[in-house]
Every structure is written in C-alpha cells, then in structure tokens.
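Structural overview
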Amino acid sequence: MSQTIFETSQTTDIKFVEHICWQMLSDAAKDRKHPMHTVVIGTAAGALAHMRTVVLRRVDIETRKLYFHTDIRSAKIDQIRATGQLSWLAYDPSRRSQLRLSGPTILHHGNELARLHWEKTQHYSRRCYLLPDGPSQPLMHDVSEVDERLSSFSYSKEESEAGFDHFVVVETQVDSMEWYYTYSRGNRRALFSYHAGALVSQAWLTP
Ligand SMILES: Cc1cc2nc3c(=O)[nH]c(=O)nc-3n(C[C@H](O)[C@H](O)[C@H](O)COP(=O)(O)O)c2cc1C
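The notes below deal with the structure included here.

About the thresholds
Each chain carries its own residue numbering, running from 1 in the written order of its sequence. The predicted nature of this model means local features are confined to residues of pLDDT at least 70 and side-chain atom pairs, given and counted, to a pLDDT of 80 or more, with totals for whole chains, interfaces and linings taken over all residues. Secondary structure elements follow DSSP: runs of H or I of four or more residues count as helices, runs of E of two or more count as strands, with numbering from the N terminus. Whether two residues are in contact depends on their C-beta atoms, placed from the backbone: they are in contact if these lie within 7 Å. Any residue whose C-beta atom, as placed from the backbone, lies within 6 Å of a molecule or strand is termed near it. Whether a residue is buried, exposed or partly exposed follows from its count of other C-beta atoms within 10 Å of its own C-beta, namely 20 or more, 12 or fewer, or something in between, respectively; the C-beta atoms are built from the backbone. Strands were regarded as paired on the criterion that DSSP finds at least two bridges between them. Think of a nonpolar core as buried Ala, Val, Leu, Ile, Met, Phe, Trp, Tyr and Cys residues chained together by C-beta atoms that fall within 7 Å.

Turning next to the environment of His109. Within the secondary structure, His109 sits in strand β6 (residues 97-109). In contact with His109, other than residues within four places in its own chain, are Ile72, Ala114 and Val168.

Here it is in structure tokens:
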C-alpha cells in the first residue's frame, strides 16, 4: 500500500495527528468520493447499539462539530433524543485510519440552520422527505410500489418545499475523538478530548 501522510517523521507529533484527523473529516464532507464521506453513526437503545450509514454533510473544524441530515420520522430520532448523545465511526483504508467520535447531539428542525442546509439540498434528494410515510414502514404491496414513488421527480421546486417539515440536521459537538492507525512497524492510537470545541487533553494510547 502506498505511503500515507502519517508515515512521515511527523507521525510522532500528536498535534499533527489531531490536525490531520480533522482535515480528513472536513475534506470528506466536501468530497463525495472520499472514503469518509459516508460514516456510521451509533445510538444506544436498551441492550443494543444501533448502527447505520449516513452521509457526512458538514464539519466545522473550529467548533469541532459534525453534521448529517435525516428524516424527523426515522427511528434514530427518538434514540438520539433519549440519550442526547451520538457516536460516529469513520474509516479511510488509504490512510489506514479509523476515527471514533462522540458527543452531545442536538436536532435542528424547522429552524434557521435547518433552512440553510435545506436550501443546499438537491432537487432529487428531497424526494424521501416528500413521501407520506416515514422510513421503516411496511409496504402494503410489493417493493416496486416504493420504486415508483422514489423515481418520480415530477414535483416542482415549490412542491418539494413540503419536505422541509420532515427534514432534520443532526449536530454533534464532539467531546471525544480516537484515532487508530494500522502500520506494519506498529499500530498507533491517540485519544483527544474536547470541551465546547476546545482541545482539553491528548494522549497516546497502547494500540
Ligand atoms: C450509503 C448510504 C448513505 C445513507 N445516508 C443516510 C443519511 O445521510 N441520512 C439518513 O437518515 N439515512 C441514510 N442512510 C440510510 C440509513 O443507513 C438508515 O438505514 C436509515 O436512516 C434508517 O435508520 P433508522 O431506522 O435507524 O433511523 C444511508 C444508507 C446508505 C447505505
């Protein structure tokens, strides 16, 4: 595998590692082809961790915040509300880096920030928010029923505005980030803690 950015002499510099981790996330949010553009988010409910893939929509390096979009009617909403917390997992094989992040999480629904994100959504990506039923509902007939509804782009820009009622921007204020790096000469691991967007501690961990 090709040399990664972490295989330079700077890899022993924990500040450099932290900087690159946030840069990777920020790049991933802007680049559809980036391996971290899709991430896994985990919620806790009862005895199980519930995990699912979502698109990383925005990363604010300054404030250490991560964002994704979802439907207010989806099951994850109640799970996020119950704990106020969310876990995130990102992996980039080309940089042999896994990131585990977590922190307090809020929902933006019908507010200014939700509006800002909604205005930037593509016409085609609004269709899910326009369906009369939310996600995870059993279909009455067969699967082609949903194909028809999802492949119909006949709605106008004005009609698509109704989807805003179901649109949510989920925001995590990261308070913990752990980097795990696999390397032939020795795996590396580092843990970073934040408070209100400010780095409060950093430490190398045994891998
Ligand atoms: C590649 C990929 C990207 C996805 N992106 C999103 C997303 O950005 N937001 C979202 O709510 N669901 C997304 N999903 C669907 C979720 O993985 C999940 O199935 C859905 O949100 C229902 O989850 P829930 O029942 O736990 O709420 C995506 C699925 C895949 C395979």
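Attention now moves to the site of the ligand. Around the ligand, the surrounding shell holds 14 residues, and the nearest of these are Arg52, Thr70, Ser74, Ala75 and Lys76. Elements represented by at least two residues in the shell around the ligand include exactly β2 (48-55), β4 (65-71) and α2 (75-83). The element contributing the most residues to the shell around the ligand is β2, with five residues.

If you trace the backbone, Arg32 turns up in the loop between α1 (14-30) and β1 (38-45). On the basis of neighbour count, Arg32 is assigned to the exposed category, with 9 C-beta atoms found within 10 Å. C-alpha separation for the pair Arg32 and Arg57, spaced 25 residues apart in sequence, amounts to 9.8 Å.

Looking now at the pairing of strand β7 (residues 167-173). Of all the seven residues making up β7, six are buried; the element is thus mostly covered by neighbouring parts of the structure. As paired elements, β4 and β7 share seven bridges and run antiparallel to each other. Bridge pairing in β7 places Lys65 opposite Gln173. Direction of pairing for β6 relative to β7: antiparallel, over a ladder of five bridges. Counterpart to Leu107 in the pairing with β7 is Val170.

Most of the time, phi is negative for any residue but glycine, and the peptide bond is trans. Not every positive phi belongs to a glycine, and Arg64 is a case in point at roughly 60 degrees. In this structure, Arg64 sits in the loop between β3 (58-60) and β4. Positive phi outside glycine occurs at Arg96, with the angle close to 50 degrees. Overall, the presence of 18 C-beta atoms within 10 Å leaves Arg96 in the partly exposed class.

The next point concerns the nonpolar core. By size, the foremost hydrophobic cluster in this structure holds 29 residues, and its most contacted members are Cys21, Leu25, Met36, Leu56, Trp88 and Met177. Elements with a minimum of two residues in this core: α1, β1, β4, β5 (85-92), β6, β7 and β8 (176-181). Ignoring sequence-local partners within four residues, the contact set of Met177 consists of Cys21, Leu99, Leu101 and Phe192.

With that out of the way, let us pick up the pairing of β6. Pairing between β5 and β6: eight bridges, direction antiparallel. Opposite Leu89, over in β6, you have Arg100 as the bridge partner. The pairing of β6 with β8 spans six bridges and is antiparallel. Across the sheet, Leu101 pairs through a bridge with Met177, a residue of β8.

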